[in-house]
Amino acid sequence: MSVTGNRAGERADRGGGGGPGGGGGRGIPHVSPCGWRRLALLAALCPLLLFGVGVSTGTGAGTAHAAAKSGTATAPTQAAALADLLRADPVYVTDQLPRDVPRSTAPQFKKLAQRTKVPTYVLVLPEQGVGSDRLLAAVHDRLGRDGLYVLVDDMGVAEATAFGVRAPADDASTVALYELPYDAGPLLSFERFTDVIAQGGEKAAERAEAAREKHGETGGEAAKMHIDPVDRDNQSFVTGIALSGVPLLIVGISPYVRRWRRRVTGAGAPKAAAPKAAAPEAAVPRRLTARRVEAGAAVLVAGAIALGASLVFDQETSGAAPPPTASDLSSRVERVADGLRKSGPVYGDPESPRVLDSAQRRELGDRVAEFGRGPVFVAVVPQLTEDESAGDPEQFVEAVRQKMGAKGDHGVYVVADPLGGSIDVVTYDVRIDANLIAFDLPDSIRYGDDDDRSADHRLGERLDDLMTFLGKAPRTEQPETSSLAMDDAPDPVEENELSPLFSGDFWPGLLVGAFAAGLVFGIVAALLGLLRLAVPGLRRPRTTSTPSATTSFEAPPDPSLGYLRRTARDELDALAREFDQQDQQDQAALASAVRTRVWDCLDTATLLADRDPDGHIDDDATPADLAAAVVLARAGRGALVGADKTCCALNPLHGPATGWRDAQYAPDDQRLRTIPVCAQCRVLVSVQPRLAYTLRLTLPGPRRGERVPYEEVPGPLPAARDGIPQLIRQVREYAGVQ
């Protein structure tokens, strides 16, 4: 029954109808003779009664004034205080949760409350524990207005009850609880709640039942709506791995697979020189085109990964809390400071449960007044991680002290948490040992008894013990301060922001991605090698017939050491095989001079690359020696088909020259020299002689990344410009063989 109903019942119980007998009419009432005597006696006693009332009133006023002066005025209960707030505004948002629910969101809560189409009273408060339903009932009784009463905390809708109106409060609470994840935030939770209320009882019941069934099937919470900093670190790490690993795989595996295919299909075998009329068709080397395609594909894939990660991992905040304003962050501090200035040294938070009764407040006020070390300020307010000071009592005290001005410059500040039960003490310029307050405050005072389950946490008794402890504290010669607060409270906006995607663990992810790409490349290479060995059809075809006119060979202008090592092995094997085959087929056809020339090429190439000889390329063979071995082996293969003894001057690895052309040999030398060139180089030199130097062979230098022109390297290789016979002589002198 509402308060209005109770009051109506009281008026009915008092009775008193109209008419002469009832004394309820507007005429002169009938009075008996006995009544006249009683009236006369009452008139005689009126002065005495008035005097007594005056004395009583004066005494009561004096007591109230003294209580107000000492800070022990009777405080309203939590329900009464909240009812007064709702009487002024049906939606009240506390100032104690600015990091999760700023007071500036009150207009949004009001707009959502209007959807219910019934009188709705909303309280946004810190978590109240198990007494939420009783609190709403008590507030309703104090307010005396029927409607839908909703209690919202930092997690969402905590309790809802309908008084005197039809509203599916329980079903709406169930839907808000089960349909939304725990990090949805109070504003979205209340929005979902009001939407279900507006649907009516039948639809709300169906939706609540569906939510219960889905929750039972999944057996857990809905998927999170926001990510935390750990999730962002994971996103950055994965993005780094993909951004480095995938492009490296493209530029690594694709060329390797191309070479593997050429090997197993015989495409890597040297090509016969094309007729001169068909030479322009080879203007653009296929190898260069393939590398450009692979590099372009790697760049495109890297860009796609970066763009896709930015679009998918687009979260910017780690929670649903809107950024608080400066007023939101200072509202509670100003309220407490104003209360301590105006109401005395003991301030109790009206929004929280009243943990100090009138007698305890009076006794605490007396103890504070008797304390002789300086002023004492007691604030009975919650300390929450969602408040302006992030739950740091010293930060809260410092902010309150600054707001109090000169009155609060020095003294003992006590913060008692009515929800958690903790007591914190901070001193400013008082003659009490600061270390005693900061480090030696007894746990029985600071935290109380762990086994205590009382609703008030025995704060009254513990505050009394605190005053006794402070009174017995040794007096210091100089005033001391126990505050250790050096840093400001965390900025709520920065605290809620996520780090950029391309930061933090993104950089280690790049390294891991590169390592993973190398690992995958090794696995693929091993599998392809095993496949080539296991499947006979994939082995490199061996030449069983007379070799064709092999006078032109492919080779890059900037070969790596690995390329030179592989090519030297392949060319030596090919020269030995072709020499044996042709010699066995027709010894008479192979002239003695040619046989000697081929043998000299094979012998000197072996001296450079396989000095043992054991059939394997020497591990310590230099790039210059390997290149010279390739030149000699290819010159020997060319000799079998009557090729010239002159090598291509731009790149001796291309094999014998097929003509002479005017070309710019070096980038810093503008002269055109007449040099021997192979069929491949002749195409470019004929069209662009000034670009001929771009085809000149360079070898790996002693320093990482350095390239040296082949005619400047130590060893016999520069002699290749003077022809194969001169190169053979230089090799034998170099190897000490006559």
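This one's a predicted model, so the numbers in the text were calculated from it and none came from an experiment.

Caption draft 1: Representation of the overall build of the protein. For the protein, the helix and strand inventory stands at 23 helices and 14 strands. Of all 738 residues assigned to the protein, the portion counted as buried reaches 41%. Here the analysis covers contacts within the protein between residues at least 6 apart in sequence; of these, 72% occur between residues at least 24 apart.

Caption draft 2: Region of interest: the nonpolar core. Residues L650 and I724 are the most contacted members of the largest nonpolar core, which totals 52 residues. Going through the elements one at a time, α19 (561-585), α20 (592-609), α21 (623-639), β12 (673-677), α22 (679-687) and α23 (724-735) are the ones with two or more residues in this core. With eleven residues, the single largest contributor to this core is α21. Discounting residues that sit within four places of it in the chain, L650 has contacts with Y665, I675, P676, V677, C681, V685, A692, L695, R696, L697 and Y710.

Caption draft 3: Layout of the sheet that holds strand β1 (residues 91-93). Ordered by their spatial adjacency, four strands build an open sheet running β1-β2-β3-β4, and the pairing between neighbours is mixed. Edge strands, defined here as strands with exactly one partner in the open sheet, are β1 and β4 (157-163). Mean inter-strand twist for the sheet, computed between neighbouring axes without regard to direction, equals 10 degrees. Alignment of strand β3 (residues 147-152) against β4, held across six bridges, turns out to be antiparallel. Considered in β4, the bridge of L151 is made with E159.

Caption draft 4: View of unusual backbone geometry. Unlike most non-glycine residues, K117 shows phi in positive territory, near 65 degrees. In this model, H457 sits at a positive phi of 60 degrees, which is unusual for a non-glycine residue. Looking at the element boundaries, H457 is found in the loop between α15 (443-446) and α16 (459-472).

Caption draft 5: Structural detail: the pairing of β3. The buried fraction of β3 is high, at six of six residues. In this structure, strand β2 (residues 120-124) lies alongside β3, joined through five bridges in parallel fashion. Opposite T120, over in β3, you have L148 as the bridge partner. In this fold, the crossover linking β2 to β3 by way of helix α5 (residues 132-143) has right-handed handedness. Counting the residues that bridge the hairpin from β3 to β4 gives four residues, and of these G156 lies at a positive phi of roughly 150 degrees.

Caption draft 6: Region of the structure containing empty space enclosed by the protein. All told, the structure shown has one cavity of 30 Å³ or more when counted by the stated rule. Taken together, L340, F377, A379, F396, V397, V400, Y413, V414 and V415 form the lining of the largest cavity. Grouping the constituent residues of the lining of the largest cavity by class yields nine nonpolar, no polar and no charged.

Caption draft 7: Representation of the packing of α20 against α23 within the structure. One can describe the packing of α20 onto α23 by two numbers: an axis separation of 10 Å at closest approach and a directional angle of 40 degrees. Between α20 and α23, the interaxial angle falls into the category oblique. Once α20 is placed against α23, the crossing between them reads as left-handed. Contacts between α20 and α23 involve D600, C601, D603, T604, L607 and L608 from the first element and I724, I728, V731, R732, Y734 and A735 from the second.

Caption draft 8: Region of the structure containing the environment of K117. With respect to the helices and strands, K117 occurs in the loop between α4 (106-113) and β2. As for K117 and I197, which are separated by 80 residues in sequence, their C-alpha atoms are 8.6 Å apart.

Caption draft 9: Broad picture of a negative patch on the surface. On the surface, D314, E316, D491, E494 and E497 cluster together into a negatively charged patch. Within the secondary structure, D314 is located in the loop between α10 (286-312) and α11 (326-343).

Caption draft 10: Expanded view of the packing of aromatic side chains. The tally for this structure, following the rule as stated, stands at nine aromatic pairs. A centroid spacing of 5.8 Å and a plane angle of 90 degrees characterise the contact between Y413 and Y428, whose relative ring orientation is edge-to-face. Within this pair, whereas Y413 is found in strand β7 (residues 411-416), its partner Y428 is found in strand β8 (residues 423-428), the two being separated by 15 residues in sequence. Residues Y413 and Y428 agree in their burial class; the two are buried. Ring-pair connections join several aromatic residues into one group, and the members of that group are F109, F190 and F193. Over the face of the ring belonging to Y428 we find R401, whose NZ or CZ atom lies 4.2 Å from the ring centre. One residue, R696, lies across the ring of Y665, its end atom 5.1 Å from the ring centre.

Caption draft 11: Region of interest: the pattern of salt bridges. Overall, the coordinates contain 31 salt bridges when judged by the stated rule. A salt bridge links R212 to E209; the shortest N-O distance between them is 3.5 Å. Of this pair, R212 and E209 are both found in helix α8 (residues 201-218), three residues apart, which corresponds to roughly one turn of the helix. On the basis of relative accessible area, E209 is assigned to the partly exposed category, the value being 37%. Within the structure, one salt-bridge network assembled from shared partners comprises E571, E578, R634 and R637.

Caption draft 12: Representation of the confidence of the model for the protein. Per-residue confidence for the protein gives a mean pLDDT of 81, with 81% of residues at or over 70. Across residues 1-73, where pLDDT falls below 50, the model places 33 contacts with residues more than four positions away in sequence or in other chains. Across residues 541-549 the pLDDT falls below 50, and counting only partners more than four positions away or on other chains, this stretch makes 19 contacts in the model.

Caption draft 13: Just the sheet that holds strand β5 (residues 346-348), in detail. Across the sheet, which stays open at both edges, the four strands sit in the order β5-β6-β7-β8 with mixed pairing between neighbours. Strands with a single pairing partner mark the edges of an open sheet, and in this sheet they are β5 and β8. Neighbouring strand axes in the sheet, compared pairwise and without regard to direction, differ in orientation by 15 degrees on average. Taken together, the three bridges between β5 and strand β6 (residues 376-380) define a ladder with parallel strand orientation. Within the sheet, the bridge partner assigned to G348 lies in β6 and is V380.

Calculation notes
- Residues numbered from 1 in each chain as written.
- Predicted model: local features only at pLDDT ≥ 70, side-chain atom pairs only at ≥ 80, totals over all residues.
- Heavy atoms only, no water.
- Helix = DSSP H or I, 4+ residues; strand = E, 2+ residues; numbered from the N terminus.
- Buried < 20%, exposed > 50% of the residue type's maximum accessible area, 1.4 Å probe, protein only.
- Contact = heavy atoms within 4.5 Å.
- Core = buried A, V, L, I, M, F, W, Y, C linked by side-chain atoms within 4.5 Å.
- Pairing = 2+ DSSP bridges.
- Axes fitted to C-alpha atoms, helices over the stretch in contact; angles between N-to-C directions.
- Right-handed = clockwise from strand over helix to strand, strands pointing away.
- 1 Å grid on protein atoms, 1.4 Å probe; cavity = no way out; pocket = protein on both sides within 12 Å on 5 of 7 lines; lining within 4 Å.
- Points joined across faces, edges and corners; volume = space filled by probe spheres on them.
- Nonpolar A, V, L, I, M, F, W, Y, C, P; charged D, E, K, R; others polar.
- Parallel < 35°, antiparallel > 145°, perpendicular 65-115°, else oblique.
- Left-handed = near helix turned anticlockwise from the far one by under 90°.
- Patch = residues over 30% accessible without salt bridge, like charges linked within 9 Å, V, L, I, M, F, W, Y side chains within 5 Å.
- Areas by Shrake-Rupley, 256 points an atom, 1.4 Å probe, with all protein chains shown as cover.
- Salt bridge = Lys/Arg side-chain N within 4 Å of Asp/Glu carboxyl O.
- Lys, Arg positive; Asp, Glu negative; His and termini not counted.
- Charge placed at Lys NZ, Arg CZ, Asp CG, Glu CD.
- Phe/Tyr/Trp six-rings, centres within 6.5 Å; stacked < 30°, edge-to-face > 60°.
- Lys NZ or Arg CZ within 6 Å of the ring centre and 35° of its normal.
- pLDDT = per-residue confidence, 0-100.

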